[in-house]
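Examination of the molecular architecture
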Amino acid sequence: MQGKVIGQGRTAEVLEYGEGKILKLYRDDVPEEYVDLEFRFSKWVYEQGVATPQPHERVVVEGRPGIVYQQIAGPTLLQQMNRKPWLNFSGFKQMAGLHYSLHQLEGMGEAGAQKKQLEHQIIAAPMLATEEKTQILSRLAELPDGEKLCHGDFHPDNILMDDKLWVIDWMTGVRGNPAADVARSVIMFSIGALPERASMFTKGFLGFARKRLTAQYVRRYLKLSGMTLADINPWILPVAAARLVEGLPVPEKELLVREIRRHLRA
Ligand SMILES: Nc1ncnc2c1ncn2[C@@H]1O[C@H](COP(=O)(O)OP(=O)(O)O)[C@@H](O)[C@H]1O
Ligand SMILES: [Mg+2]
């Protein structure tokens, strides 16, 4: 029943699993309760009418935890960039629309609170001095809380595309302020390293175009939401610092630290 691998991410590999379904099979280092949380979160989001694949079942396959989801028969937005780069600008605009639409929902009651989570991550972040963390935490404390549905990892490898866009991968979902969720996407679009498996072409093209693609996304998001850069920008510092706890490539962490120090001086 379980077929070929059709996708890879940091927490899981994704396999064909019968007609119109896929199996997301988690890597050994992912705690079971995170998988349970992703299952409950995805179900809740699906029930709210967000364009996300239907979660069917929580399973254990060969001793590994997994979730069976509806299969979306289309590439990720990242793959699409490779195949049809001229569509990128419209893809990034559409992505802003999808992000804005999920931010209209109240967050799931059980979901973690974004500011609390950011606070814990900043405290645990490597590569920063204690005084720097203290400054970042005090700036975070001044920022407005929120109660909206936030994805927590909204980037082109978590978006699938057929005749519309679909968002996947809800393990990082939280309840919080959409402006912080947008700031995280901005950081990932502008300085996120591309997956190893991205082609040389994608890497080259994105190196050149990412600034403009990010601007396209931001412009559209601001237009839809009525927010301004003054709402988004103050989140860049705490969100960038919190991202240091993730298993990122060292050069990406160094870029983040440079960006963080630039914001601290400003
Ligand atoms: N429902 C789905 N339909 C088709 N492909 C999928 C689906 N879910 C995931 N994929 C593919 O698998 C990859 C990894 O899935 P994802 O849920 O993002 O895992 P991770 O948490 O490891 O990042 C995606 O980038 C995509 O290529
Ligand atoms: Mg993913």
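Here, every reference points to the structure presented above.
Below or above, wherever it landed, is the structure these notes cover. Predicted model only: the values in this text are computed from it and were never measured.

On to the packing of aromatic side chains, then. How two aromatic rings sit relative to each other is set out by the distance from centre to centre and by the angle between their planes. A full pass over the atoms with the stated rule returns six aromatic pairs. Judged by centre distance (6.4 Å) and plane angle (70 degrees), the ring pair of F41 and W44 falls under edge-to-face. You can see F41 and its partner W44 sitting in helix α1 (residues 32–47), three residues apart, about one turn around the helix. Taken individually, F41 and W44 each receive the classification buried, so the pair is uniform in this respect. Look at F189 and Y217: their rings are 4.9 Å apart centre to centre, the planes differ by 85 degrees, and that puts the pair in the edge-to-face class.

Moving on, we come to the site of ligand 1. The environment of ligand 1 is formed by 19 residues, the closest being T11, K24, Q70, N158 and D169. A distance of 3.0 Å separates a nitrogen atom of ligand 1 from a polar backbone atom of I72. Here D157 contributes a backbone N or O atom positioned 2.9 Å from an oxygen atom of ligand 1. Its free accessible area being 560 Å², ligand 1 has 93% of it covered by the protein chains. For the shell around ligand 1, the secondary-structure elements that each account for two or more residues are β1 (2–8), β2 (12–17) and β3 (21–26). The residue inventory of the shell around ligand 1, partitioned by class, reads seven nonpolar, eight polar and four charged. Built from parts of two domains, the shell around ligand 1 gets at least three residues from each of domain 1 (2–70) and domain 2 (77–265).

Parameters and conventions
Residues numbered from 1 in each chain as written. Chains lettered and ligands numbered in written order. Predicted model: local features only at pLDDT ≥ 70, side-chain atom pairs only at ≥ 80, totals over all residues. Heavy atoms only, no water. Phe/Tyr/Trp six-rings, centres within 6.5 Å; stacked < 30°, edge-to-face > 60°. Helix = DSSP H or I, 4+ residues; strand = E, 2+ residues; numbered from the N terminus. Buried < 20%, exposed > 50% of the residue type's maximum accessible area, 1.4 Å probe, protein only. Near = heavy atom within 4 Å. Polar contact = N/O pair within 3.5 Å; in protein donor to acceptor, adjacent residues only side chain to side chain. Areas by Shrake-Rupley, 256 points an atom, 1.4 Å probe, with all protein chains shown as cover. Nonpolar A, V, L, I, M, F, W, Y, C, P; charged D, E, K, R; others polar. Domains from an automatic or database assignment.

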